[in-house]
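# Structure assessment
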Amino acid sequence: MKTYGIAAILAASTMIGANIATADESAELIVNGEIEIVTRTAAPAHLSDALDEVISGWVFRSDQTQEMQGDDFDNPGMIWVEAAEEAWSTPEGEKGKSCADCHGDAESMAGVKATFPKWNDGAEKVYTLQMQMNDCRENRMGAEAWGYDKSPAINMEALLSSVSRGMPVNVAIDGPGQATWEKGKELYYTRTGQLDLSCASCHEENYGNMIRADHLSQGQINGFPTYRLKNAKLNGVHSRFKGCVRDTRAQTYKPGSDEFIALEMYVASRGNGLSIEGPSVRN
Amino acid sequence: MAKGVKPRVKVPKSASAGDVVTLKTLISHKMESGQRKDKDGNVIPRSIIHRFTCEFNGAMVVDVTMESAISTNPYFEFDAKVDAAGDFKFTWYDDDGSVYDTTKSIKVA
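Keep in mind the model is a prediction, meaning the values are calculated, not measured.

## Observations concerning the overall build of chain B
If you tally the helices and strands in chain B, you get zero helices and eight strands. Helices and strands in chain B line up, N terminus first, as β-β-β-β-β-β-β-β. Taken across its 109 residues, chain B has 36% of its residues classed as buried. Summarising the internal contacts of chain B: among those between residues at least 6 apart in sequence, 56% fall at separations of at least 24. Split by element, the accessible area of chain B, about 6200 Å² in all, is 49% carbon and sulfur.

The structure is reproduced here in structure tokens:
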């Protein structure tokens, strides 16, 4: 557990100029002293032209923020995971069923988060985890769908993520979902807005550098849903995309839109090999 | 009564006599500051937890007064010296009169 402290001193002694906020480049993340998190690994094959190594956003954060994620009691995101645990076993909808009636313990869902977004045969389109949850709610429970990235949905996503922590992200990029993945890739490299920036402008070409006061990460989403210190709540991937697109001064897509579904699939696949971390803590 | 209030505490299960142990507490609470206004411009009334105490076998360990500027889901971490086995009692006092408490025992090995 105390690996951060030592690593911080080593990193500080070699620290020069540009990387002022990267105090802890070599720290290791072990949650609750038992779940080992891979925060750096070789880039997946489809990305090997662009990057050698994929790096979790955790690495780019300050020591204090990093430490908060090392213990579930210190991780404020777990408050909403606990709320979702209650929702997990609460019957809802016309059929009076809860998640637990079909799935048993939430722990039995370990690994599920790692493969989403993925192709759904029945619906003949790519499903994000939240779309899968709503499919269950509408068809199996007879309950109302949750709003995209709204608190009950994001809480449940955080619960499903928390039971998969430490498992490698493994999003399929071939098969029937490939067209959606290609669309996501195109969006990733398309410049938008008055500032004429693509995702790649910051997160591929300039990660590690400062953009004004912000330390640019690779924009990996293995840690989502993420608790952000700036707004003291859990944040969904699509809402985060929206924030980024807005910052390029463009009209944004909506959370749950086809564009963001495709982008989520592509960005998630860029993190293939990193561990699921959510709920993570970021600034 | 405020919704979704849930106290959480972390106390070591055991310690040696004379040890200083670290206690962590967090309570989920909206902590409405009383400074905000709703869409119609009316002030949203203050609703916060204004006092937090921790007692060990009846002796006060900390007694904290909180004011409007405290964050949502307030977290406190502090140390206490444990001379004998006993119970830590944590109590939060809400503006609306509610009192939330939880107790954790510690053994002395």
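## Section: the interface of chain B and chain A
You'll often see interface size given as the accessible area lost when the parts meet. Taken together, the 11 residues of chain B in the interface contact 11 residues of chain A. With both sides pooled, the region where chain B packs onto chain A buries about 880 Å², and carbon together with sulfur makes up 53% of that total. Across the pair D74 of chain A and K24 of chain B runs a salt bridge, and its minimum N-O distance is 3.1 Å. On the surface where chain B and chain A come into contact, there are five residue pairs in polar contact (both at pLDDT 80 or more). Residue assignment for the side of chain B that touches chain A shows that the elements contributing at least two residues are strand 1 (6-10) and strand 3 (19-28) of chain B. Considering only residue class, the side of chain B that touches chain A consists of three nonpolar, four polar and four charged.

## Looking at helix 8 (residues 178-189) of chain A
Residues and elements named next belong to chain A. Over its 12 residues, helix 8 runs 17 Å from end to end, which matches the ideal 16 Å to within 8%, given 1.5 Å per residue. The set of residues buried in helix 8 consists of T180, W181, G184, L187 and Y188. Angular distribution of buried residues about the axis of helix 8 spans 120°; they occupy a single face of the element. In helix 8, the exposed residues that point more than 90 degrees away from the buried face are A179 and E186. Looking at the buried positions of helix 8, the neighbouring elements they touch are strand 6 (125-127), helix 9 (199-203) and helix 11 (258-270).

## Some points on the side chain of S269 of chain A
All names here are of chain A. Within the secondary structure layout, S269 lies in helix 11. Classification of S269 as buried rests on a relative accessible area of 0%. For S269, the side chain forms a polar contact with the main-chain oxygen of Y266, separated by 2.7 Å. Excluding residues that lie within four positions of it along the chain, S269 makes contacts with P44, H46, V171, I173 and W181.

## Details of a negative patch on the surface
Residue and element names in this part refer to chain A. On the surface, E85, E86, D105 and E107 cluster together into a patch of negative charge. As for its placement among the helices and strands, E86 is situated in helix 3 (residues 78-88). Note on E86: relative accessible area 52%, which makes it exposed.

## Side note on the nonpolar core
Counting 55 residues, the largest nonpolar core has W88, M133, M156, L159, I221, F241 and L263 of chain A as the members making the most contacts within it. For this core, the elements supplying multiple residues, two or more each, are helix 3, strand 6, helix 6 (129-141), helix 7 (151-162), helix 8, helix 10 (237-247) and helix 11 of chain A. Counting residues per element, this core draws most heavily on helix 11 of chain A, at seven residues. Discounting chain neighbours no more than four positions away, the residues touching I221 of chain A are V237, F241, E264, V267 and A268 of chain A. Counting residues in each nonpolar core, the second largest holds 23 residues, with I49, F56, W92 and Y100 of chain B among its members.

## Some thoughts on the sheet that holds strand 1 of chain B
The pairing of strands in a sheet comes from backbone hydrogen bonds and takes either a parallel or an antiparallel form. Residues and elements named next belong to chain B. Pairing within the open sheet is antiparallel, and its three strands lie in the order 1-3-6. At either end of the open sheet lies a strand with only one pairing partner, and these are strand 1 and strand 6 (75-82). Between one strand axis and the next, the sheet turns through 20° on average, direction left out of account. Pairing analysis gives five bridges linking strand 1 to strand 3, with the strands arranged antiparallel. From the neighbouring strand, K6 faces strand 3, where its bridge partner is S28.

## Description of the sheet that holds strand 4 (residues 49-56) of chain B
Residues and elements named next belong to chain B. Taking strand neighbours across the sheet as the criterion, the five strands line up as 2-8-7-4-5 in an open arrangement whose pairing is mixed. Edge positions in the sheet fall to strand 2 (14-15) and strand 5 (59-65), since each of these pairs with one other strand and no more. The pairing of strand 7 (residues 86-94) with strand 8 (residues 99-108) spans eight bridges and is antiparallel. By the bridge assignment for strand 8, G86 is matched with I106.

Rules used throughout
Residues numbered from 1 in each chain as written. Chains lettered and ligands numbered in written order. Predicted model: local features only at pLDDT ≥ 70, side-chain atom pairs only at ≥ 80, totals over all residues. Heavy atoms only, no water. Helix = DSSP H or I, 4+ residues; strand = E, 2+ residues; numbered from the N terminus. Buried < 20%, exposed > 50% of the residue type's maximum accessible area, 1.4 Å probe, protein only. Contact = heavy atoms within 4.5 Å. Areas by Shrake-Rupley, 256 points an atom, 1.4 Å probe, with all protein chains shown as cover. Buried area = accessible area lost by both parts, 1.4 Å probe. Salt bridge = Lys/Arg side-chain N within 4 Å of Asp/Glu carboxyl O. Polar contact = N/O pair within 3.5 Å; in protein donor to acceptor, adjacent residues only side chain to side chain. Nonpolar A, V, L, I, M, F, W, Y, C, P; charged D, E, K, R; others polar. Expected span 1.5 Å × (residues − 1). Arc of directions from axis to C-beta. Patch = residues over 30% accessible without salt bridge, like charges linked within 9 Å, V, L, I, M, F, W, Y side chains within 5 Å. Lys, Arg positive; Asp, Glu negative; His and termini not counted. Charge placed at Lys NZ, Arg CZ, Asp CG, Glu CD. Core = buried A, V, L, I, M, F, W, Y, C linked by side-chain atoms within 4.5 Å. Pairing = 2+ DSSP bridges. Axes fitted to C-alpha atoms, helices over the stretch in contact; angles between N-to-C directions.

In short, the description is geometric, and any link to function would need to be established separately.
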